[in-house]
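Summary of the model geometry
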Amino acid sequence: MVSVKKIIDTTIQLEGRIFMRFCSKCGTQIEKDQKFCRNCGQAVSNENVQQVNNTADAKLNGNNIGAESGFNNPIQDIPVQNNPVQNISVESPKMRKKLSKKSLISIIVAAAIFVFCISAYFIGASINSKKKVVARMTEAINDADGKKLAKYLVSSDDKLEINEESLKPFVEYLKDKPDVKKALVSLIETQAKFDKKSGKQKVEDLADYQKETDMILGMLSGYSNLGDLFTLKKQGKSMIFYDKYVLELNPVYLEINTNRKDSKIYLNDKEVATAKEDDYTAEIGPYVPGEYTIKVSLDGEYVNAEESEKVDLVSNFTRRKKGKNVLSTYLNLYVRNISISSNYEEAKLFVNGSDTGLLIKDIDKFGPLPTNGTVKLQAKMDFPWGTVASEEVAVESSWVDLDLEVLDDKMKDDVIELITAYLKSVNEAFSTLDSSKFANITEKRKEDRNKSIQDLIDENNRVVGGIKKILVDLSSFKISKKDDVYEMRLTVRTFNDSVKYKEGETPPETKLDEYYTFYYLVYDEDGKTWLIDNTDRSRYGSIRETEAKEVIIVEDESQTGDQAQSEDESQEDQSQEEDDSQDSSTEN
């Protein structure tokens, strides 16, 4: 039997070997030249230490030293081979090793990290749970908060980018329609309850889901499409570990149909398309649900034709193939070329207050113009006494009349005052046989009046009585233009009690006579006034009593004295009948 010392001596002498020594009592490593174990105080000798190969499995010449010697003592000599050529291995015994401070700290840190990770996982699982995510979604909807909604909404259409700006129409819609907001929240909560998209529910669960959904949407008349817009679903993972829940938005496309080529199509005042031909259909989108204003406009030479309408992309769309939501609408432009007439063809045409530079007489057909009443036409003409305009007429058919009411109420009153002054001057002139008394007449008319006065003087005649009052037909005023001179015509009913007699005779009793007098006036541009140019008298005529104005010429009925009348008004009845015949032909 080989002694331990011999084995140790033998192995120490082996070249190229390195040994590690351990206390056989506590297993603490023994350094070279160490006399006592630092851990347990055991004296160090070859008998009470273990020498082991640091490979824990060394062999010497292919034989186990302990086996070769038959030595089972816990003190073992195990060579460690640094030379790669040798193959030395022994089975190292299990040893207890005390942890260093550094190792202990490492273990504590690792444990803390492990606990933190586990806690973080469960906290994350709670935060990202379907219940919590749905709660945050519905909160954002109830608050109509576009910024928060953008975190949970995704579009089923890659063409639509979801962000706070693009969600503005939907957010405004939620603010205006709280019932829709409430129904959408209930719909999402119902989808979360049945997990409709998981594919794991039973047939009866699907029936219950449909029943609850129909009940929710049934409360909102006209909003049954709401379920086609929003779907709660899983979409990948959040933070690697957790199911990610999103609210998928299925956006809406618009089909806008219009009938006029080159029409421009606007959505919320932003141009989105141009009609390339008549009866054109433009598909635009996709858009988030909400309320939008569509406008179709066609630029004309003088005015733009427009039609617009508001559309609801929550309630009015239809579901198409492949799950596409589409709202189709028609905005046709009804435009025509317009015929225009006026009693003054020299008048200029105005469109919505703007001068076209065109005269009525130069227009055959005007347009095209919309006939929906949005365009208003007006005629204006400059007269010596000022600018006169017709009423504005809304275009609603293919024909428009733009007659000018040249005489306003003030001008009519001015003319009536002028005639009143003239008749008073007539009474005075014939009463005094003084032709200088005639007022407000043209030179031509003055010559005729002077002749009448001279005829009375030559024939030694006088007159008694005069014109008492007149009724002026306000609807009879007419103005025309002839040879660059503006003329006015109106009808007056005259009440006259004058009678002619010879000088020196007793004046006869007067008798009130009634007849119609037609006045013809011309405008004096130099004097900026109207002047009486001629009168015609007739037994036949008419005035509109409802539009007549009474004017008193002689205030005091008793003062008939030497009042006179005009030549036409002082002629005998027989002569008057002849005048009546002449007046009638002139009137026609």
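Criteria and thresholds
- Residues numbered from 1 in each chain as written.
- Predicted model: local features only at pLDDT ≥ 70, side-chain atom pairs only at ≥ 80, totals over all residues.
- Heavy atoms only, no water.
- Buried < 20%, exposed > 50% of the residue type's maximum accessible area, 1.4 Å probe, protein only.
- Helix = DSSP H or I, 4+ residues; strand = E, 2+ residues; numbered from the N terminus.
- Pairing = 2+ DSSP bridges.
- Patch = residues over 30% accessible without salt bridge, like charges linked within 9 Å, V, L, I, M, F, W, Y side chains within 5 Å.
- Areas by Shrake-Rupley, 256 points an atom, 1.4 Å probe, with all protein chains shown as cover.
- Salt bridge = Lys/Arg side-chain N within 4 Å of Asp/Glu carboxyl O.
- 1 Å grid on protein atoms, 1.4 Å probe; cavity = no way out; pocket = protein on both sides within 12 Å on 5 of 7 lines; lining within 4 Å.
- Points joined across faces, edges and corners; volume = space filled by probe spheres on them.
- Nonpolar A, V, L, I, M, F, W, Y, C, P; charged D, E, K, R; others polar.
- Axes fitted to C-alpha atoms, helices over the stretch in contact; angles between N-to-C directions.
- Phe/Tyr/Trp six-rings, centres within 6.5 Å; stacked < 30°, edge-to-face > 60°.
- Lys NZ or Arg CZ within 6 Å of the ring centre and 35° of its normal.
- Parallel < 35°, antiparallel > 145°, perpendicular 65-115°, else oblique.
- Contact = heavy atoms within 4.5 Å.
- pLDDT = per-residue confidence, 0-100.

**Considerations on the pairing of strand 15 (residues 335-341)**
Strand 15 sits mainly inside the fold: five of its seven residues count as buried. Sheet topology places strand 15 next to strand 18 (residues 366-370); three bridges connect them, and they run antiparallel. Looking across to strand 18, one finds that Val335 is bridged to Pro370. As judged from the three bridges shared by strand 15 and strand 22 (residues 399-401), these two strands associate in the parallel manner. Among the inter-strand pairings, Ser339 is bridged to a residue of strand 22, identified as Trp399.

**Quick word on a nonpolar patch on the surface**
A contiguous nonpolar patch, built from Phe114, Val115, Ile118, Tyr121, Phe122, Ile240 and Phe241 and spanning about 790 Å² of accessible area, is present on the exposed surface. With respect to the helices and strands, Val115 occurs in helix 3 (residues 101-127).

**Considerations on empty space enclosed by the protein**
This model, assessed by the stated rule, comprises two cavities of 30 Å³ or more. When its volume is computed, the second largest cavity comes out at roughly 40 Å³. Among the residues forming the lining of the second largest cavity, the class breakdown is four nonpolar, two polar and one charged.

**What about the sheet that holds strand 8 (residues 264-267)?**
What holds strands together in a sheet is hydrogen bonding between their backbones, with the strands either parallel or antiparallel. The strand order across the open sheet formed by four strands is 9-8-11-12, and the pairing between neighbours is antiparallel. Edge positions in the open sheet fall to strand 9 (270-274) and strand 12 (304-312), since each of these has one partner strand only. Mean inter-strand twist for the sheet, computed between neighbouring axes without regard to direction, equals 25°. Taken together, the nine bridges between strand 11 (residues 291-299) and strand 12 define a ladder with antiparallel strand orientation. Bridging from a neighbouring strand, Lys295 pairs with Ser308 of strand 12.

**Here we look at the pairing of strand 29 (residues 529-538)**
The buried fraction of strand 29 amounts to eight of the ten residues, a majority that puts the element mostly inside the structure. For strand 28 (residues 513-524) and strand 29, the ladder comprises nine bridges, and the chain directions are antiparallel. Within strand 29, the position partnered with Asp524 by the bridge is Thr529. Counted between consecutive antiparallel strands, the loop separating strand 28 from strand 29 contains four residues, among which Lys528 sits at a positive phi close to 55°.

**With respect to the packing of aromatic side chains**
Evaluated as defined, the whole model comprises eleven aromatic pairs. Taking the centre distance of 5.4 Å and the plane angle of 90° together, the rings of Tyr344 and Phe383 count as edge-to-face. Taken together, the positions of Tyr344 in the loop between strand 15 and strand 16 (348-351) and Phe383 in strand 19 (residues 376-383) put the pair 39 residues apart, joining distant regions of the chain. With a relative accessible area of 9%, Tyr344 lands in the buried category. The class of Phe383 is buried, set by a relative accessible area of 7%. One aromatic cluster is present, formed by Tyr344, Phe383, Trp385, Tyr486, Tyr523 and Trp530 through successive ring pairs. Between the NZ or CZ atom of Lys380 and the centre of the ring of Phe350, over which it lies, the distance is 4.6 Å. Its end group placed over the ring of Tyr515, Arg537 keeps NZ or CZ at 4.4 Å from the ring centre.

**Thoughts on the pattern of salt bridges**
With the rule as written, the count across this model stands at 21 salt bridges. Linking Glu248 and Lys233 is a salt bridge whose minimum nitrogen-to-oxygen distance equals 3.3 Å. One end of the pair, Glu248, is in strand 6 (residues 242-249); the other, Lys233, is in strand 5 (residues 230-238), with 15 residues separating them in the sequence. You can call Lys233 partly exposed: its relative accessible area is 26%.

**Digging into the packing of helix 6 (residues 168-176) against helix 7 (residues 178-194)**
Running from N to C, helix 6 and helix 7 point in directions that differ by 105°, and their axes come no closer than 5 Å. In terms of orientation, helix 6 lies roughly perpendicular with respect to helix 7. Touching Phe170, Tyr173, Leu174, Lys175 and Asp176 of helix 6 are Pro178, Val180, Lys181 and Leu184, all from helix 7.

**Observations concerning the sheet that holds strand 6**
One open sheet accounts for three strands, arranged 4-6-5; its pairing is mixed. Each end of this open sheet is capped by a strand with a single partner; those strands are strand 4 (153-155) and strand 5. In this sheet, neighbouring strand axes are inclined to one another by 50° on average, regardless of whether the strands run parallel or antiparallel. In the sheet, strand 4 pairs with strand 6 via three bridges, with the strands oriented parallel. The partner of Leu153 across the bridge, within strand 6, is Leu247. Docked against the sheet, helix 7 engages strand 5 and strand 6, running at close to 50° with respect to strand 5.

**Considerations on the environment of Lys132**
Note on placement: Lys132 falls in helix 4 (residues 130-142). Sequence separation between Lys132 and Tyr245 is 113 residues; the distance between their C-alpha atoms is 10.0 Å.

**Some details on the confidence of the model for the protein**
Looking at the protein, pLDDT values average 79 and 76% of them are 70 or higher. Scored below 50 in pLDDT, residues 1-17 makes 31 contacts in the model with residues more than four places away or belonging to other chains. Of the regions scoring below 50 in pLDDT, residues 196-204 engages in nine contacts with residues more than four places distant in sequence or in other chains.

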